Amino acid sequence: MASGYEVVDEDHGGGQEGVASEWKTIRAVFPNFAGLPAKRGDLKSSAVLKCHGLGWNILLYPGGHKNSSDEDVFVSLYLSCESSTNRTKHRIRVPSAGKVAEWIHQGNIFSKTATTAWGSHNYVKRKDFLDSSNNYLVDGNLTVEVDIQVMLDKPPAWTPTNTLSPDMLAFLDAADNADVSFEVASGDGKECLYAHGQILAARCPTLAAWPRVATPTPLSQSEMSRRACSECFCASSTEAKFLPRKLSKPKQKTSS
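Residues numbered from 1 in each chain as written. Predicted model: local features only at pLDDT ≥ 70, side-chain atom pairs only at ≥ 80, totals over all residues. Heavy atoms only, no water.

Enquirer: Explain the nonpolar core to me, please; I cannot follow it from the model alone.
Expert: One recurring pattern in soluble globular proteins is that nonpolar side chains are buried together. Grouped together as the largest cluster of nonpolar side chains are 28 residues, with contacts concentrated most on I26, W56 and F129. With 5 residues, the top contributor of residues to this core is strand β11 (residues 141–153). V180, A195, L200 and L207 belong to the second largest nonpolar core, which has 5 residues in total. (Core = buried A, V, L, I, M, F, W, Y, C linked by side-chain atoms within 4.5 Å. Buried < 20%, exposed > 50% of the residue type's maximum accessible area, 1.4 Å probe, protein only. Helix = DSSP H or I, 4+ residues; strand = E, 2+ residues; numbered from the N terminus.)

Take a look at the structure:
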(Lines give C-alpha, C1' and ligand atoms only; values in the text may rest on other atoms or scores of the structure.)
Protein backbone atom coordinates (compact mmCIF):
# COMPACT_ATOMS: atom_id res chain seq x y z
CA MET A 1 0.00 0.00 0.00
CA ALA A 2 1.40 3.38 -1.01
CA SER A 3 1.87 5.72 1.95
CA GLY A 4 2.88 8.87 0.12
CA TYR A 5 6.36 8.71 1.69
CA GLU A 6 9.62 7.80 -0.03
CA VAL A 7 10.46 4.13 0.59
CA VAL A 8 14.26 3.68 0.77
CA ASP A 9 14.33 -0.03 1.64
CA GLU A 10 11.91 -2.94 1.82
CA ASP A 11 11.74 -6.38 3.43
CA HIS A 12 9.75 -9.35 2.17
CA GLY A 13 9.74 -11.49 5.29
CA GLY A 14 13.36 -12.60 4.99
CA GLY A 15 13.46 -13.23 1.25
CA GLN A 16 13.96 -10.86 -1.63
CA GLU A 17 11.26 -10.54 -4.19
CA GLY A 18 12.53 -12.38 -7.22
CA VAL A 19 11.99 -15.18 -9.69
CA ALA A 20 12.21 -18.92 -9.09
CA SER A 21 15.09 -20.85 -10.62
CA GLU A 22 14.65 -24.16 -12.38
CA TRP A 23 14.66 -27.33 -10.29
CA LYS A 24 18.00 -29.12 -10.03
CA THR A 25 18.85 -32.38 -8.27
CA ILE A 26 21.73 -33.48 -6.06
CA ARG A 27 22.35 -37.07 -4.95
CA ALA A 28 24.23 -38.78 -2.13
CA VAL A 29 24.87 -42.51 -1.68
CA PHE A 30 25.41 -43.83 1.85
CA PRO A 31 27.02 -47.31 1.63
CA ASN A 32 26.16 -50.08 4.07
CA PHE A 33 23.29 -48.27 5.71
CA ALA A 34 22.67 -51.06 8.24
CA GLY A 35 26.26 -50.80 9.48
CA LEU A 36 26.22 -47.03 10.12
CA PRO A 37 26.15 -45.82 13.76
CA ALA A 38 22.48 -45.71 14.68
CA LYS A 39 22.21 -44.10 18.08
CA ARG A 40 19.89 -41.13 18.36
CA GLY A 41 21.84 -38.07 17.19
CA ASP A 42 24.50 -40.01 15.22
CA LEU A 43 25.11 -38.03 12.01
CA LYS A 44 26.38 -39.04 8.58
CA SER A 45 26.87 -36.16 6.15
CA SER A 46 27.46 -36.21 2.44
CA ALA A 47 30.32 -34.33 0.85
CA VAL A 48 29.59 -30.76 -0.30
CA LEU A 49 27.43 -30.96 -3.43
CA LYS A 50 27.26 -27.98 -5.79
CA CYS A 51 23.91 -26.75 -7.07
CA HIS A 52 22.77 -23.28 -8.22
CA GLY A 53 26.29 -22.04 -7.47
CA LEU A 54 25.96 -22.97 -3.77
CA GLY A 55 27.35 -25.78 -1.62
CA TRP A 56 24.85 -28.22 -0.06
CA ASN A 57 25.04 -31.19 2.30
CA ILE A 58 22.54 -34.03 2.67
CA LEU A 59 22.41 -35.00 6.34
CA LEU A 60 21.43 -38.50 7.42
CA TYR A 61 20.62 -39.57 10.99
CA PRO A 62 20.32 -43.40 10.75
CA GLY A 63 18.94 -43.65 14.30
CA GLY A 64 16.97 -40.43 14.28
CA HIS A 65 17.59 -36.82 15.25
CA LYS A 66 17.43 -35.73 18.87
CA ASN A 67 14.07 -34.13 18.05
CA SER A 68 12.65 -37.30 16.48
CA SER A 69 9.61 -38.98 18.01
CA ASP A 70 10.15 -41.18 21.06
CA GLU A 71 7.41 -43.56 19.96
CA ASP A 72 9.73 -45.43 17.61
CA VAL A 73 13.17 -45.26 15.97
CA PHE A 74 13.03 -43.11 12.86
CA VAL A 75 15.49 -42.17 10.13
CA SER A 76 15.95 -38.40 9.80
CA LEU A 77 16.96 -36.62 6.58
CA TYR A 78 17.86 -32.95 6.13
CA LEU A 79 19.34 -30.50 3.68
CA SER A 80 21.85 -27.86 4.76
CA CYS A 81 23.61 -25.07 2.86
CA GLU A 82 27.06 -23.63 3.48
CA SER A 83 25.92 -20.17 2.34
CA SER A 84 23.01 -17.89 3.14
CA THR A 85 20.08 -18.20 0.76
CA ASN A 86 16.70 -16.60 0.42
CA ARG A 87 13.50 -18.60 0.11
CA THR A 88 14.32 -22.13 -1.02
CA LYS A 89 12.16 -25.09 -1.97
CA HIS A 90 13.43 -28.65 -1.81
CA ARG A 91 12.14 -32.21 -2.06
CA ILE A 92 13.88 -35.09 -0.29
CA ARG A 93 13.26 -38.61 -1.54
CA VAL A 94 14.66 -42.10 -1.78
CA PRO A 95 14.29 -42.82 -5.52
CA SER A 96 14.33 -46.60 -5.20
CA ALA A 97 11.22 -46.46 -2.99
CA GLY A 98 9.27 -44.24 -5.40
CA LYS A 99 6.99 -41.33 -4.52
CA VAL A 100 5.87 -42.97 -1.29
CA ALA A 101 9.06 -41.69 0.32
CA GLU A 102 8.92 -38.22 -1.20
CA TRP A 103 8.76 -35.37 1.27
CA ILE A 104 8.36 -31.69 0.29
CA HIS A 105 9.30 -28.56 2.22
CA GLN A 106 9.29 -25.02 0.91
CA GLY A 107 9.89 -21.41 1.85
CA ASN A 108 13.00 -22.09 3.94
CA ILE A 109 15.82 -19.62 4.53
CA PHE A 110 19.34 -20.97 5.08
CA SER A 111 21.87 -18.93 7.05
CA LYS A 112 25.63 -19.35 7.04
CA THR A 113 25.88 -17.63 10.44
CA ALA A 114 23.97 -20.46 12.13
CA THR A 115 23.72 -24.21 11.69
CA THR A 116 20.51 -24.38 9.71
CA ALA A 117 19.16 -27.58 8.20
CA TRP A 118 15.68 -28.26 6.90
CA GLY A 119 14.12 -31.68 6.59
CA SER A 120 12.17 -34.33 8.48
CA HIS A 121 12.78 -35.56 12.03
CA ASN A 122 10.59 -38.59 11.34
CA TYR A 123 11.24 -39.39 7.70
CA VAL A 124 10.60 -43.13 7.81
CA LYS A 125 10.77 -45.70 10.60
CA ARG A 126 14.16 -47.41 10.69
CA LYS A 127 12.63 -50.88 10.59
CA ASP A 128 10.88 -49.94 7.33
CA PHE A 129 14.24 -48.85 5.89
CA LEU A 130 15.71 -52.23 6.76
CA ASP A 131 12.76 -54.16 5.29
CA SER A 132 13.98 -55.21 1.83
CA SER A 133 10.42 -55.38 0.47
CA ASN A 134 10.15 -51.57 0.75
CA ASN A 135 13.13 -51.02 -1.60
CA TYR A 136 14.69 -48.22 0.46
CA LEU A 137 18.06 -49.93 0.17
CA VAL A 138 19.72 -51.22 -2.98
CA ASP A 139 22.48 -53.77 -2.29
CA GLY A 140 22.50 -52.46 1.26
CA ASN A 141 23.19 -48.89 0.15
CA LEU A 142 20.92 -45.88 0.66
CA THR A 143 20.58 -43.34 -2.17
CA VAL A 144 19.02 -39.97 -1.32
CA GLU A 145 18.11 -37.34 -3.89
CA VAL A 146 17.16 -33.72 -3.21
CA ASP A 147 15.54 -31.43 -5.77
CA ILE A 148 16.35 -27.76 -5.11
CA GLN A 149 14.81 -24.54 -6.33
CA VAL A 150 16.10 -21.16 -5.15
CA MET A 151 14.74 -17.64 -5.51
CA LEU A 152 16.90 -15.49 -7.77
CA ASP A 153 17.15 -11.73 -7.40
CA LYS A 154 14.75 -10.02 -9.75
CA PRO A 155 16.81 -8.68 -12.69
CA PRO A 156 16.82 -4.90 -12.94
CA ALA A 157 14.50 -3.39 -15.50
CA TRP A 158 16.34 -2.59 -18.73
CA THR A 159 16.42 1.08 -19.60
CA PRO A 160 17.97 2.37 -22.84
CA THR A 161 20.85 4.81 -22.71
CA ASN A 162 19.71 8.38 -23.29
CA THR A 163 21.57 9.51 -26.42
CA LEU A 164 19.30 12.43 -27.31
CA SER A 165 21.91 15.16 -26.85
CA PRO A 166 24.74 13.55 -28.89
CA ASP A 167 22.24 12.43 -31.53
CA MET A 168 20.88 15.96 -31.91
CA LEU A 169 24.39 17.44 -32.08
CA ALA A 170 25.36 15.00 -34.82
CA PHE A 171 22.10 15.75 -36.64
CA LEU A 172 22.73 19.51 -36.48
CA ASP A 173 26.33 19.18 -37.63
CA ALA A 174 25.34 17.13 -40.68
CA ALA A 175 25.08 19.62 -43.54
CA ASP A 176 23.32 17.05 -45.74
CA ASN A 177 20.23 17.16 -43.51
CA ALA A 178 20.10 20.94 -43.09
CA ASP A 179 17.43 22.99 -44.86
CA VAL A 180 18.65 26.40 -43.60
CA SER A 181 22.12 27.93 -43.57
CA PHE A 182 23.52 31.15 -42.14
CA GLU A 183 26.64 32.79 -43.48
CA VAL A 184 28.28 34.65 -40.60
CA ALA A 185 31.15 37.07 -41.10
CA SER A 186 34.08 36.82 -38.71
CA GLY A 187 37.37 38.61 -38.36
CA ASP A 188 39.21 36.31 -40.78
CA GLY A 189 36.48 35.43 -43.21
CA LYS A 190 33.05 33.86 -43.26
CA GLU A 191 31.59 30.78 -41.64
CA CYS A 192 28.55 28.87 -42.79
CA LEU A 193 26.31 27.59 -40.00
CA TYR A 194 23.69 24.97 -40.81
CA ALA A 195 20.28 24.77 -39.17
CA HIS A 196 16.95 23.01 -39.43
CA GLY A 197 13.70 24.80 -39.98
CA GLN A 198 11.65 22.74 -37.54
CA ILE A 199 14.14 23.25 -34.71
CA LEU A 200 14.39 26.95 -35.48
CA ALA A 201 10.60 27.21 -35.35
CA ALA A 202 10.58 25.62 -31.89
CA ARG A 203 13.70 27.23 -30.43
CA CYS A 204 14.14 30.50 -32.32
CA PRO A 205 10.88 31.48 -34.07
CA THR A 206 12.10 34.98 -35.03
CA LEU A 207 14.94 33.56 -37.12
CA ALA A 208 12.60 30.91 -38.52
CA ALA A 209 10.23 33.67 -39.68
CA TRP A 210 12.89 35.44 -41.76
CA PRO A 211 12.28 35.12 -45.51
CA ARG A 212 14.25 32.38 -47.22
CA VAL A 213 15.94 33.50 -50.42
CA ALA A 214 18.16 31.75 -52.91
CA THR A 215 20.70 34.58 -52.82
CA PRO A 216 22.17 35.33 -49.36
CA THR A 217 21.06 38.68 -47.96
CA PRO A 218 23.61 40.35 -45.64
CA LEU A 219 22.23 41.72 -42.36
CA SER A 220 24.04 44.14 -40.14
CA GLN A 221 24.07 43.84 -36.37
CA SER A 222 21.66 46.77 -36.13
CA GLU A 223 19.22 44.95 -38.41
CA MET A 224 19.07 41.94 -36.11
CA SER A 225 16.29 42.49 -33.65
CA ARG A 226 16.92 42.30 -29.92
CA ARG A 227 14.41 39.45 -29.71
CA ALA A 228 16.28 37.41 -32.33
CA CYS A 229 19.56 37.84 -30.47
CA SER A 230 17.86 36.81 -27.22
CA GLU A 231 16.39 33.72 -28.82
CA CYS A 232 19.76 32.72 -30.27
CA PHE A 233 21.31 33.04 -26.82
CA CYS A 234 18.59 30.93 -25.18
CA ALA A 235 18.73 28.28 -27.88
CA SER A 236 22.49 27.85 -27.51
CA SER A 237 22.44 27.85 -23.69
CA THR A 238 20.23 24.83 -23.00
CA GLU A 239 21.54 21.56 -21.64
CA ALA A 240 20.83 19.87 -24.94
CA LYS A 241 22.84 22.54 -26.77
CA PHE A 242 20.76 22.54 -29.92
CA LEU A 243 23.03 25.23 -31.40
CA PRO A 244 26.44 23.75 -30.62
CA ARG A 245 28.60 26.55 -32.05
CA LYS A 246 28.67 30.03 -30.68
CA LEU A 247 27.54 32.56 -33.26
CA SER A 248 30.06 35.31 -33.97
CA LYS A 249 28.63 38.79 -34.05
CA PRO A 250 28.56 40.02 -37.65
CA LYS A 251 30.56 43.13 -38.33
CA GLN A 252 28.62 46.40 -38.59
CA LYS A 253 28.16 47.23 -42.24
CA THR A 254 29.90 50.50 -43.07
CA SER A 255 29.11 52.72 -45.97
CA SER A 256 31.88 53.30 -48.47
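Enquirer: Sorry if this is basic, but what is going on with the pattern of salt bridges here?
Expert: Think of it this way: side chains of opposite charge can pair up when their charged atoms draw near. Within the structure shown, the criterion is met by 8 salt bridges. The shortest N-O distance in the salt bridge between D147 and R91 comes to 3.2 Å. Separated by 56 residues along the polypeptide, D147 in strand β11 and R91 in strand β7 (residues 88–93) bring together distant segments of the chain. With a relative accessible area of 22%, R91 lands in the partly exposed category. Put simply, D147 and R93 hold a salt bridge, and the shortest N to O gap is 2.3 Å. (Salt bridge = Lys/Arg side-chain N within 4 Å of Asp/Glu carboxyl O.)

Enquirer: Teacher, can you tell me more about unusual backbone geometry here?
Expert: Trans is the common state for peptide bonds, and a negative phi is the common state for residues other than glycine. The phi angle at H52 is positive, at roughly 55°, despite the residue not being glycine. Among the secondary structure elements, H52 is positioned in the loop between β4 (49–51) and β5 (54–61). Located in the positive-phi region is D139, a residue other than glycine, with phi close to 55°. Looking at the element boundaries, D139 is found in the loop between β10 (137–138) and β11. D139 sits in the exposed class, given a relative accessible area of 74%.

Enquirer: What is the right way to look at the state of the cysteines in this model?
Expert: One way to say it: the disulfide is the covalent bond shared by the sulfur atoms of two cysteines. Across all of its chains, the model carries 0 disulfides by this definition. Left without a disulfide partner, C51 is nearest to the cysteine sulfur of C81, which lies 9.6 Å away. When its relative accessible area of 8% is taken as the criterion, C81 is described as buried. (Disulfide = S-S within 2.5 Å.)

Enquirer: For this particular structure, what's the right way to read the environment of G63?
Expert: Structurally, the position occupied by G63 is in the loop between β5 and β6 (74–81). Given the relative accessible area of 8%, G63 is considered buried.

Enquirer: For this particular structure, what's the right way to read the packing of aromatic side chains?
Expert: Two measures describe an aromatic ring pair: the distance that separates the ring centres and the angle between the ring planes. Throughout the structure, instances matching the rule amount to 3 aromatic pairs. Lying over the aromatic face of W23, R91 brings its terminal NZ or CZ to 4.0 Å of the ring centre. (Phe/Tyr/Trp six-rings, centres within 6.5 Å; stacked < 30°, edge-to-face > 60°. Lys NZ or Arg CZ within 6 Å of the ring centre and 35° of its normal.)

Enquirer: Is there a simple way to think about the environment of I148 in this case?
Expert: The topology assignment puts I148 in strand β11. When its relative accessible area of 0% is taken as the criterion, I148 is described as buried. Taking the C-alpha atoms as reference points, I148 and K24, separated by 124 residues in sequence, lie 5.4 Å from one another. Not counting chain neighbours up to four residues away, the residues in contact with I148 comprise E22, W23, K24, I26, C51, H52, W56, L79, T88, K89 and H90. (Contact = heavy atoms within 4.5 Å.)

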